[in-house]
Amino acid sequence: MTTTRRRFLGSVVVVAGAAAGLTQGAPTAWAQTAEGRAGRVAPEVIVRPGDARYAALAARGNNTRFVSTPDEIWLVHSPAQVEKAVNQAVAEGQRITVRGGGHCFDGLVGDPEYRLLVDTSEMKAVYFDPAMNAFAVESGALLGEVYRTLYEGWGVTVPGGVCPEVGVGGHVVGGGYGPLSRRYGLSVDHLCAVEVVVPGSCGEARTVVATSRRDDPNRELWWAHTGAGGGQFGIITKYWFRTPGAAGGPSSLLPKPPQTVRKALVTWPWPQFNETNFTRLVMNHGAWHAANSAADSPYATMHSSLQISSWFAGTIVLDVTMDATRADTQQLLDDYVSALSAGVGVEPTVESKDVPFLEAALTPTIGYGKYSRHKSMGGHLRKPFDANQVSTLYRALSDPEHWGIGLVYLAAYGGKINTVSPQATAVAARDSVIKFWFSCNWELPEQDEAEVNWVRKLHGDVWAETGGYPVPNDKYDGCYINYPDADAENPYVNTSGVPWSTLYHKANYPRLQRVKATYDPKNVFRHALSVKPA
């Protein structure tokens, strides 16, 4: 028998091969290890200015436009330590915030008003919890850690994001979307419970476990964590995942990803594009997705993103991930690329290879290096862009005077996602076909105003007819909270007359307000896009 040694929950666990019953035996052993942790949790670590560790911890966010400057950074290891931090913040009047993976795109965590930062990155256990009959994931775990543990332990996964470095804490509470979502839905469609430290009305923090059970008095708190976004109601310390209706052993409680996936990179050379054939390519992409986003489509097993960077990137890229175990995978891929290229007059280069699921899931995200200052806006399309909107994209991305790293990212949506009611979870966008993201990266602080305005202008020009934002209607489906844009609450930028709360949450917002009033009535947890108490 062969074994591997892995650090897990602070101890070394021996994971046996299939002959020793990995699928059925390992989960119990791992859960016992998790239970054995009780009574020996490390104390909280409090880091203040002047400490040699402070600068690195404060600057751990992904967007260097926003660097935290709190009086205290608490590295926590348990809900009890989180309660302690919240109680201190309330008693001493400290603005408090929470950070997991540090990938918030806007200044919702790096706001200088925050004086106490709770860092959950040390809380990263992933294990099967037999008491809940579900997989427990602490909120500081990274997506890659979750994918590896679930797949190697039980052959299952959660349909989450494409970037393995992203923290699960904020990703899931915003809905959680990724390469398997057209096939299996969003992350929150498999969320059965959440553990949250809430401040409550009496000023004494408490830890609440809220489940999806209809008879759970805290069910509304669970519901609010299925898409409202992070930093809203308290501090999440743990998630539990189990697919609704799933039964049997642990290996049957979550989706099984394909053993092998086909990764294809399709590239078109930017210098061969003018406004006419650029418009044709983007409109081909939109029309194809409008016609192929049903849950029963053979393309429900495919994820793709059309990534159009500024002209100096040299290529326009289509990144495709497909289930390689299907007999028709190559035909589906060929037909897809052919449909997008029809009438464009520019021959694409297609490179593809089959890789194990886990290798694909753990592929590191390509970073921007020193170009780490960032602005972005994103949301959902029910219908593709029209020709005028695509022309607007072309003019911005081909501007020879603009040297920021601009990007228009158009990702496949729909499929299983759209079979869920907008009220079943807090994710209100349930009938879109494309998820969009406009962004720009640059290097120097003195470039901030110009580059932020570049994104604002592009976004505003594309949605000029609706006041600069994708106001929910028959063509658009609002904004995506995991692509937060604080400009949405600025009436000088968002001139639509539609409040940010409707753009992000549509008709779900009043219900979220009632949850806020129940669990955080004093608005202890707040940021530019947080739910306000009813």
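Counting starts from 1 at the beginning of each chain's written sequence and moves along it residue by residue. Totals for whole chains, interfaces and linings use all residues, but because this is a predicted model, local features are given only for residues with pLDDT of at least 70 and pairs of side-chain atoms are given and counted only at 80 or more. Derived side-chain values reflect all non-hydrogen atoms in the structure, with water molecules and hydrogen atoms excluded from consideration.

(A) Region of interest: the overall build of the chain. From N to C terminus, the chain includes 14 helices and 19 strands. For 534 residues, the compact-globule formula gives about 24 Å, and the C-alpha radius of gyration of the chain, at 23 Å, lands near that figure. Remark: exposure states derive from per-residue accessible area (1.4 Å probe, protein chains only) relative to the maximum for the residue type, with buried under 20%, exposed over 50%, and partly exposed in between. With 534 residues in all, the chain has 58% of them scored as buried. Accessible area for the chain stands at about 20700 Å²; split by element, carbon and sulfur atoms hold 53% of it. In this charge count, Lys and Arg are treated as positive and Asp and Glu as negative; neither His nor the chain ends contribute. Every charge is mapped onto a representative atom, which is NZ of Lys, CZ of Arg, CG of Asp or CD of Glu. Taken together, the 48 basic and 51 acidic charged side chains of the chain have centroids lying 5 Å from each other. Helical segments are the DSSP runs of H or I of at least four residues, strand segments are the runs of E of at least two, and each set is numbered from the N terminus. In this treatment the radius of gyration is a C-alpha quantity, and the globule benchmark scales as 2.2 Å times the residue count to the 0.38 power. Accessibility throughout is a Shrake-Rupley quantity obtained with a 1.4 Å probe, and a residue counts as covered only by protein chains that appear here.

(B) Main features of the pairing of strand β14 (residues 315–323). Of all 9 residues in β14, 7 are buried; the element is thus mostly enclosed. Where strand β12 (residues 260–269) and β14 come together, 9 bridges link them in antiparallel fashion. Within β14, the position partnered with W268 by the bridge is I316. Paired strands are those between which DSSP finds at least two bridges. As defined by bridge partners, strand β13 (residues 303–309) adjoins β14 across 5 bridges and the pair is classed as antiparallel. Pairing of S305 across the sheet is with D319, part of β14. Between β13 and the antiparallel strand that follows it, β14, lie 5 residues; G314 among them carries a positive phi value of about 95 degrees.

(C) Structural view of unusual backbone geometry. Non-glycine residue K506 carries a positive phi angle of around 50 degrees. Judged by its relative accessible area of 18%, K506 is buried. Positioned with a positive phi, N523 is a non-glycine residue whose angle comes to about 60 degrees. With respect to the element layout, N523 can be found in the segment after α14 (509–519).

(D) Up close: the packing of helix α8 (residues 275–291) against helix α9 (residues 329–341). Axis definition: a line fit to C-alpha positions, over the contact stretch in the case of helices; interaxial angles, taken between N-to-C directions, run 0 to 180 degrees. At a closest axis distance of 7 Å, the pairing of α8 and α9 adopts a crossing angle of 130 degrees. Considered as vectors, α8 and α9 are oriented oblique to each other. Together, L281, N284, H285, W288 and H289 of α8 and Y336, A339, L340 and S341 of α9 make up the contact between the two elements. Gly falls in the polar group here, along with every residue not listed as nonpolar (Ala, Val, Leu, Ile, Met, Phe, Trp, Tyr, Cys, Pro) or charged (Asp, Glu, Lys, Arg). Each residue belonging to the contact of α8 with α9 can be placed in one class, and the counts come to 5 nonpolar, 4 polar and no charged. Roughly parallel refers to an angle under 35 degrees, roughly antiparallel to one over 145, roughly perpendicular to one between 65 and 115, and oblique to any angle outside these ranges. Whether two residues are in contact is decided by their heavy atoms: any pair within 4.5 Å suffices.

(E) Here's a closer look at helix α3 (residues 79–92). In a helix, the anticipated span is given by 1.5 Å times the number of residues less one. Its 14 residues place the ends of α3 20 Å apart at the C-alpha level, agreeing with the 20 Å of an ideal helix rising 1.5 Å per residue. For α3, the set of buried residues is Q81, V82, A85, V86, Q88 and A89. Projected down its long axis, α3 carries its buried residues within an arc of 160 degrees, all on one side. Exposed and oriented more than 90 degrees from the buried face of α3 are A80 and A91. Each C-beta atom gives one direction from the helix axis, and the arc is the one those directions make.

(F) Expanded view of the state of the cysteines. Defined by distance alone, a disulfide is two cysteine sulfur atoms within 2.5 Å. In total, this model carries 0 disulfides according to the counting rule given. Unpaired in this structure, C163 has its nearest cysteine sulfur neighbour in C104, at a distance of 14 Å. Here C479 stays free of any disulfide, with the sulfur of C104 as its closest cysteine sulfur at 14 Å. You can call C479 buried: its relative accessible area is 5%.

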